[in-house]
Amino acid sequence: AAEYFRSVPEVLQRLSPDQLGGWVGMGMKIAERSSAAGIKFFKHGPAVFSKIPDRSSSERFIRLGLSLAERDYNLALEYYLQAPSLLTNVVLTDEAFAEWAERGLDLGAEEYTLAVEYFKATPALLLFLPVALLPKWVEAGRKLASGQLLSTLAYFRNSPEIFSKIASNADRTRLLELTATVAEQAPRLAARLFAESAQILPPFQALRLEGVLLERATEIARFDGELAATFFLNGPKILKEMGAAAAYFPSWVERGMALLRRDPVAAKGFFSFESKSARLAADTLGGGVSLSSVSRTLKLYAEALSGRPVAIESTAALNDRPAGAPVTDGRTIYLPPHVDRFPTPELNYEWYKVATAYQAGYLEFETFSPRIDQTADLIESLQSRYQRRGGFLSLTSFFSLFPEPDLVRRLFEIAEGARVEFFLRQEYPGLRASLIRMREADLAERPALAGLTPRGAVVELLTQISLSGKTQEAIPPALQPVLFEACRILGSVQNPEATAATSMKGAARVYDLLQTEEPAAAPTGPMEAFEDRGPQVRGDAGTMDETSIRETRPSTRGSIDPERVEKGDAARREGIESLLKKLKEAGADLSTEAAASALTGSVDAGEGLKEGIEGELFLDRLAERLSAGRSKEGSVPAGKSYRYDEWDCEGEDYRPGWCRVVETAVPPGEAESVEEFLNEYRGMIRSIQTAFQYLRPEGLKRIKGEREGDELDLDALLASRVEARSGRAPSDRVYIQRLKRERSVAVAFLVDMSGSTQRGLAGGKSILRVEQEALAVLSRAVEAAGDSFALYGFSGEGKETVRFYLLKDFHEKSGAEIDRRIGRIRPEAQNRDGAAIRHAARKLAARPAKIKLLVLISDGKPLDDGYTGAYAAADTRTALQEAKRLGIHPYCVTVDREGDEYLRGMYGEVAYLVIDRVEALPAKLPQIYKRLTT
C-alpha cells in the first residue's frame, strides 16, 4: 500500500482514471501471491507507463496483464516489466501481442527460467526478427533445451545481436531451421553454431554465398547433424583454404553433397576440408593450386632445407597484413592460400616450391641472426654518424639507426634475397631450373618506372636486376651512374663467404649513395618514410597517380620481416618460461631423462608456444604427461580427458585434436574370480616366477675410492693421511659407495576390451576371459622380475569417447585390488587403437626407465565409428611409429589367425606375433615378455 501511494500520482499522469482500477487489480493479484512481487510491481509503475506510447496501448497492456496475473504471477510481473519496450518499438496487432505473451506462458509451463529469458530478450529481438518467425525461434530454443539449459539461455540472450547482423529474413529463417535440425541430433553443437553464426556468415555475405552455406548445411543436417555443424563451423576456414577458388564454393559443395550420398564417412573429411578430395575439388574448380593441397609436401621440403621443424600456414592467417607475400616468423612459413598465375598445376606448384625455398633459405643461411663481431664496426660508425643508440641487438634495431628505415630495409631485402638465391643455387643444383623460371615470371610482374621518384626508380631497377639480372625497360641515362655503382656494391653478396652482415654493409653503402651530396644531418623530428612514388604528374597523357599503375603480385622471394621473427622469439621465450612454471607446479620431475627429452622436443617443435586456448591446453597436457606416475599411491584418476591427433591417410596429414581419450577406472560390477585363474595355472605360475626371479639384478655393490659415500674406506683414508704428513696433496677419495644395480625396465600392457572379445572359443571360454587369465599370470611374472609395469584396457564408441581403463598404473602395487579390477573387465563397444596407443605411450614416455615396452594385446582389426579399413590401419601404424620416436619399443600380440595380410600393413614396422591358439595366451605372454627384456 505504501508503494502504491508513492507511485500513483505519477502513474495518473499517464493513465486515465478508468484505467487505474485495472492497474491496481493486476498489482493486487500479484501481491496476493507475493508481497515482495507486489512491492516491485507498484514501485516500477511510473517507469513502466513512461515507456508506453499512448493510452490505447496502455489499455491493452493492462487488460492482457490482468489475464496473465490470474494464471502466473511471476511471469505476469516479467511481462509487466518488459512489454512496454515491445509496445514502444514494435508495431503489433492485438492478436500478435496476445500471442507473444501466451508463448511466454507456455514456456513457463516447461521451464520457468527460459520463460523469463524469453520476456527479456524478445523486445530487442523483434526489432530484427519478424513476428511471423517467432514460433520458429521458440521451437529451436525448445530443442536446444534438451541438451543443456545454459546453452538455451545463451541462445535467447544472444539472439538479438546475432539477428541484427543478418540482413535478410530468408537467411534468418534458414539459420533457425539449421539450428533446430541440428539440435534434434546434437544440441550442444547446435548452440555453438548459432552462437558463432555472427562471425561465420560475414565472409560468405561478402561473396553473396550465405544462402548457399545455410541451405546446404540444413540439407546435410537431415543426414547427419554433427556433420552439418562441422561444415558450418568450418565455413570461414574453407573459404580461406579455397583462396581464389572461393567463388566456386557452390559447385564445391555440390561435389560434397554427391559424395555424402555415396560415402557418408568420406564426406566428413570433405566438408571439414581435411581430405585430399576436398582440396583437389577446390583446385579443379578454381584453377591453380591451393596451399592446403600441397602444405604437407612443402612442410617436409622446408624442414629438409632449413634443418629445423617448420610449419606451413596461409598468409590469410596474418591479421596484421594483407594476404600475399610469403614471409616467415622463424618457425612458420606463411604462403598465399592459392596460386593461379600459370596455366598448369605443375608451374603453380613450382611457384610454391621456390617461395618456400627462399623462406627456408632465410632460416638456413641465418638472415635473422647476423653476427655481432662482423657488424660491430658498421654499427659504431652509424651510431656516430646519426647520433643514435642501439643497432647491435637485431635487424630491426639496425634499420632504426637510419633516418629513413624503410629505404635501408628495402635495400637489405634486395641484397639478402640475392645472397640467399646464390646459396640456394650453389647448395641445391636441382633447384636452379625452377629458380630461373620463377625469376623470369617475377620480373614480368614488376611495375613500370613511370610515376616513381628518382630514388624509387633506382630501388625498383635494383630489385629487377637482383631478381633476373636485367630490367624490363631501358635504364634512364641520368640514373645509370648511381645504378651501376649500386650494382657493383651489392654484387659482393654473391660470394661463398658472404653472410647477413655482408648484406647489411652493402645496404648501408647503397643508402649513402642514394642520399644528396650534402652530409646527412641528425634528424630533429620523426623519421621520414621512404616513398617509391612521387606526387601526381600532369602531362599530355593526362593525370597519372598510383591507381593507374598495375598492381604488383608478390614475388617468390617474398618479404623479410625481422620484427615478426623477433616477436616470435620473444613469444617462444615467454612460452618456455610458462611451460617450465606449469611443469613445476604440476610436480613434473624435469631431471629425468624422459622429461628432459619430452620438454626439449616440445620446445624444438614449437609446441605449447602457441597463443590462446590451444597453447594453454598443450601446456596442461604436457604437464600432465611429465608428471604421470607421480600421483599418490592407491589413487586411481577417473574422468580425466585428453585430446590426440589422428592420422588421415587420405588427406596425408593429421587431424588435430581429433580424438578424446577418457582415463577412468574399470566400471564397478561383479568380478570374475581371479582365484580360479590362479588355481588353474598355479603350477605354471610357480615355475614362471622362479625363472623370472633370475632376471632381478644383484644387490648392492661396494665401490671404493669415491669422494662421497655411505662409509669410510679405511685403506684410502690411511693413504691420504700419509700423503698429508709427507707434504704431498692428499686425495679426497676416501669413501665407499653402495650402489644398487637396477634392471631399468618399464612396460605397459594395453588390452583390447571391445565387444568382439566376447567371442567364444572351442573350450567354452571367451577371448576376453583368456585375456584376463593372461594378465593375472603375467602380473605375477613381471612382479617376480621386479620391473615397473602397468595394465591398461581400452574400448569406446566414437572419437569423443575412447575409454582408457586403469587396471594397474605404474605407481600401484599388485594385490587383491588389482585382481578384482582384472576380474571386472567386460566386453564393451569398439576399439580405436590409435588413440589408445598414443595415450599409453604418453604415460610410458614419462617413466624414468632405460627400456620401455608397449605391448598391445588385441583380437583383430581396429573398428570404430568412421574408423575402419585402410584409414584405421594407417592411423594405428602411425601411432606405433610415434611411440618408437619416443624411445618406446612397441610389440603387438594378436589372436586373429586370418589377418596376416592386414597385420603386415598395420604392424609392418613393429614386431608382432600371431598366436595360433588363443588358449595359449596365458603361457605365451610371460615367455614373450622375458624374450623382450633380456
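Please read all numbers here as calculations on a predicted model, not as lab measurements.

## Section: the overall build of the protein
Summing up its helical and strand segments, the protein has 39 helices and 18 strands in all. Put simply, the protein has 934 residues, and 51% of those count as buried. Excluding contacts between residues fewer than 6 apart, the proportion of contacts in the protein whose partners are at least 24 apart in sequence is 69%.

## What to know about the packing of helix 12 (residues 187-206) against helix 15 (residues 235-242)
Interhelical geometry of helix 12 versus helix 15 gives an angle of 35° and a closest axis separation of 8 Å. Residues Q199, I200, P203 and F204 of helix 12 pack against G235, P236 and L239 of helix 15. Looking at the contact of helix 12 with helix 15 residue by residue, the classes come out as five nonpolar, two polar and no charged.

## Overview of the side chain of S434
Relative to the helices and strands, S434 is located in helix 24 (residues 432-444). With relative accessibility at 3%, the residue S434 sits in the buried group. Among all residues touching S434, those that are not within four sequence positions of it are E350, K353 and V354.

## Concerning the sheet that holds strand 4 (residues 332-335)
Here three strands make up an open sheet; going across it, the order is 2-4-3 and the pairing mixed. The open sheet is flanked by strand 2 (311-314) and strand 3 (327-328), the only strands paired with a single partner. Here strand 3 runs beside strand 4; their pairing, made up of two bridges, is antiparallel. What sits directly across from V327, in strand 4, is Y334. Helix 19 (residues 291-306) contacts strand 2 and strand 4 of the sheet and is inclined by roughly 150° relative to strand 2. Where helix 20 (residues 345-364) meets the sheet, its contacts fall on strand 2, strand 3 and strand 4, and the angle it forms with strand 4 comes to roughly 145°.

## With respect to helix 25 (residues 454-468)
Its 15 residues give helix 25 an end-to-end C-alpha distance of 21 Å, which sits within 8% of 21 Å, the value for a rise of 1.5 Å per residue. Across the 15 residues that make up helix 25, a large majority, 12, are buried. Listed in full, the buried residues belonging to helix 25 are G456, A457, V458, V459, E460, L461, L462, T463, Q464, S466, L467 and S468. Taken together, the buried residues of helix 25 touch helix 23 (405-427), helix 24, helix 26 (480-490) and helix 27 (500-513).

## Quick notes on a nonpolar patch on the surface
A contiguous nonpolar patch, built from L712, L714 and Y735 and spanning about 290 Å² of accessible area, is present on the exposed surface. Inspection of the secondary structure assignment puts L714 in helix 33 (residues 714-725).

## Quick word on the sheet that holds strand 16 (residues 851-858)
What the eight strands build is an open sheet, ordered 8-9-15-14-13-16-17-18; its pairing is mixed. Since the sheet does not close on itself, it has two edges, and those belong to strand 8 (640-648) and strand 18 (911-914), each with one partner. Taking each pair of neighbouring strands and ignoring which way they run, the sheet shows an average axis angle of 25°. The sheet contact formed by strand 13 (residues 745-752) and strand 14 (residues 788-796) spans seven bridges and is parallel. The residue bridging V751 from the neighbouring strand is G793, located in strand 14. Helix 35 (residues 816-823) rests against strand 14 and strand 15 (802-808) of the sheet, and its axis sits at about 145° to strand 15.

## Description of unusual backbone geometry
Phi at R208 is positive, roughly 60°, even though this residue is not glycine. Classification of R208 as exposed rests on a relative accessible area of 76%. Of note, the phi angle at Q387 is positive, near 50°, even though the residue is not glycine. Exposure remark for Q387: the relative accessible area of 64% places this residue in the exposed category.

## Here we look at the side chain of S306
Checked against the element boundaries, S306 lands in helix 19. Within the local environment of S306, its side chain forms a polar contact with the backbone oxygen of A302, the two atoms lying 2.8 Å apart. The contact partners of S306, leaving out residues within four places of it in the chain, are A360, L363 and E364.

## A closer look at the pairing of strand 13
With eight of eight residues buried, strand 13 is to be regarded as a mostly interior element. Alternating positions in strand 13 separate into two faces, V745, V747, F749 and V751 on one and A746, A748, L750 and D752 on the other, with burial throughout. Bridge count between strand 13 and strand 16: seven bridges; the pairing is parallel. Within strand 16, the position partnered with V745 by the bridge is I851.

## So, the nonpolar core
The nonpolar side chains of a soluble globular protein tend to be buried with one another. If you look at the biggest cluster of nonpolar residues, it comprises 104 residues, and the most contacted ones within it are W23, Y79, W100, W137, F249, W252 and F271. Here this core takes 10 residues from helix 6 (residues 73-89), the largest share from any one element. Apart from residues no more than four positions distant in its own chain, W23 is found in contact with Y4, S7, V8, V11, L15, F41, F42, G45, F49, I62 and Y80. Ranked by size, the runner-up nonpolar core spans 69 residues in total, among them L401, F422, A486 and A507.

## Quick look at the packing of aromatic side chains
All told, the structure shown has 41 aromatic pairs when counted by the stated rule. When the centroid spacing of 6.0 Å and the interplanar angle of 20° are considered together, the rings of F61 and Y80 count as stacked. Placement of F61 in helix 5 (residues 55-71) and of Y80 in helix 6 is noted, with a sequence separation of 19 residues between them. Side by side, F61 and Y80 carry an identical accessibility label, which is buried. Both rings, one in F422 and one in F423, keep their centres 5.8 Å apart while their planes meet at 85°; by these two values the pair is edge-to-face. With respect to burial, F422 and F423 carry one shared label: buried.

## What to know about empty space enclosed by the protein
Tallied over the entire structure, the rule returns one cavity of 30 Å³ or more. Computed from the structure, the largest cavity encloses a volume of approximately 40 Å³. Forming the walls of the largest cavity are A96, E99, W100, R103, V131, L134 and P135. Of all elements in the fold, only helix 7 (94-110) and helix 9 (134-145) reach the threshold of two or more residues within the lining of the largest cavity. Residue contributions to the lining of the largest cavity peak at four residues, all from helix 7. Looking at the lining of the largest cavity residue by residue, the class counts come to five nonpolar, no polar and two charged.

How each quantity is defined
- Residues numbered from 1 in each chain as written.
- Predicted model: local features only at pLDDT ≥ 70, side-chain atom pairs only at ≥ 80, totals over all residues.
- Heavy atoms only, no water.
- Helix = DSSP H or I, 4+ residues; strand = E, 2+ residues; numbered from the N terminus.
- Buried < 20%, exposed > 50% of the residue type's maximum accessible area, 1.4 Å probe, protein only.
- Contact = heavy atoms within 4.5 Å.
- Axes fitted to C-alpha atoms, helices over the stretch in contact; angles between N-to-C directions.
- Nonpolar A, V, L, I, M, F, W, Y, C, P; charged D, E, K, R; others polar.
- Pairing = 2+ DSSP bridges.
- Expected span 1.5 Å × (residues − 1).
- Patch = residues over 30% accessible without salt bridge, like charges linked within 9 Å, V, L, I, M, F, W, Y side chains within 5 Å.
- Areas by Shrake-Rupley, 256 points an atom, 1.4 Å probe, with all protein chains shown as cover.
- Salt bridge = Lys/Arg side-chain N within 4 Å of Asp/Glu carboxyl O.
- Polar contact = N/O pair within 3.5 Å; in protein donor to acceptor, adjacent residues only side chain to side chain.
- Core = buried A, V, L, I, M, F, W, Y, C linked by side-chain atoms within 4.5 Å.
- Phe/Tyr/Trp six-rings, centres within 6.5 Å; stacked < 30°, edge-to-face > 60°.
- 1 Å grid on protein atoms, 1.4 Å probe; cavity = no way out; pocket = protein on both sides within 12 Å on 5 of 7 lines; lining within 4 Å.
- Points joined across faces, edges and corners; volume = space filled by probe spheres on them.

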